[in-house]
Amino acid sequence: MGRAGFGDWEHGTLPAFHAAPPVPRTAPVGTREHPLPLIIDSDPGLDDALAIGLAVARPELDLLAVTTVGGNADVQHCTDNALRLLHAYGRSDIPVGEGAPGPLTGEVVRATAIHGESGIGRTRLPPSPVAAYPDGAVALMAQILRESPVPVAIAPVGPLTNIALLLRVHPELASRIAHLSIMGGSIGEGNTTVSAEFNIYADPEAADIVFRSSVPITMMGLDVTHQALLDGNAARRLRKLGTGSGSIAAELVEFALDRERAWYDAPAAAIHDAVAVAHLAIPDLVSVAGYHVEVDITHGPARGRTVCEGHPRRLSRSGRRPNADVGIHLDRGRFEEVMVDAFARLP
Ligand code: BDR
Ligand code: CA
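Residues numbered from 1 in each chain as written. Chains lettered and ligands numbered in written order. Predicted model: local features only at pLDDT ≥ 70, side-chain atom pairs only at ≥ 80, totals over all residues. Heavy atoms only, no water.

1. Thoughts on the pairing of strand β3 (residues 61–68)
At step 1: Extensive coverage of β3 is indicated by the burial of 6 of its 8 residues.
At step 2: Sheet topology places strand β2 (residues 36–42) next to β3; 7 bridges connect them, and they run parallel. Looking across to β3, one finds that Asp41 is bridged to Thr67.
At step 3: Note on the crossover from β2 through helix α1 (residues 46–57) to β3: the handedness is right-handed.
At step 4: Here 3 bridges tie β3 to strand β4 (residues 96–98), and the two strands are oriented parallel to one another. What sits directly across from Thr68, in β4, is Glu98. (Buried < 20%, exposed > 50% of the residue type's maximum accessible area, 1.4 Å probe, protein only. Helix = DSSP H or I, 4+ residues; strand = E, 2+ residues; numbered from the N terminus. Pairing = 2+ DSSP bridges. Right-handed = clockwise from strand over helix to strand, strands pointing away.)

Given below as structure tokens:
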């Protein structure tokens, strides 16, 4: 194995990691002429709320539904947030289906310390005139997948419980999923434990089912989502849009920034979930590499870790093949423009 790309390593020492080679993206990308049909499965959530706004705004995406899962906050809060956000973004016609309140097995994990008890910080939104889809998230996803004339992409940006249930209850619909653009996991450290990122840690068994499913996957993990930053200046730009949606976005970012400053002394907040959505609308915002991703479902210190194998020799020795594109690099300067531009299109 050559050392190209590891220029600083002393002769004779081994690098601490081997980066997998970049690969062309396998995720589909929508266009204005042919918007990509999309379902967002989420736990709004500060960054989820921004990701939903992005999906509503981008003409390359046709957002068909938002389904919710217990994660950042209780699922009832997440459902209510999704309904109110879509109403505020001018799209209360997009159906919302409530999904799993907690993981397939094991303890419920929440992130209310970051996102607030309601999930969307101190933001208060008027109620939506519509109610959630009566039969729930899995039935809503199944109906859309069954009825769509073309395969539908899903951006799961919360714990993967609903997606695992969908694949188990309706295995015949797996081929109707064009792609799963997942926010979750990490090649490197986690953010909930040193090993695990929140969405995977909150339901490792579900994530294990999904990564073994053979459905085409892009994993936007912390390695790339920590490059998707908005700071105080971005919040000011969003507020200056002078619209309801712009104010909501500014308030969500400001709440996230308060936590970042207090906890990490950091000047910017990562808008993780928006990366999984943006990848489906913009062909060249994120570069990816091919990895075999396996989820640790043991109960030791690595529970919920996404073990990412990208070394070609080890892959061929074990007979494994990459099962996911993994996000590596994001065009940081462009990310802020993408988000401000999106909210400028909303009411
Ligand atoms: C992920 O965890 C949640 O708290 C965020 O909404 C995001 O989906 C980041 O680890
Ligand atoms: Ca989320």
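2. What about the nonpolar core?
At step 1: Counting residues in each nonpolar core, the largest one holds 66 residues, and the members touching the most others are Leu38, Ile40, Leu63, Tyr89 and Phe343.
At step 2: It is α1 that provides the largest number of residues to this core, a total of 9 residues.
At step 3: Discounting chain neighbours no more than four positions away, the residues touching Leu38 are Ala55, Leu61, Asp62, Leu63, Leu64, Ala65, Val152, Ala153, Ile154, Ala155 and Leu280.
At step 4: In this structure, Ile163, Leu173, Val215 and Met219 belong to the second largest nonpolar core, which totals 36 residues. (Core = buried A, V, L, I, M, F, W, Y, C linked by side-chain atoms within 4.5 Å. Contact = heavy atoms within 4.5 Å.)

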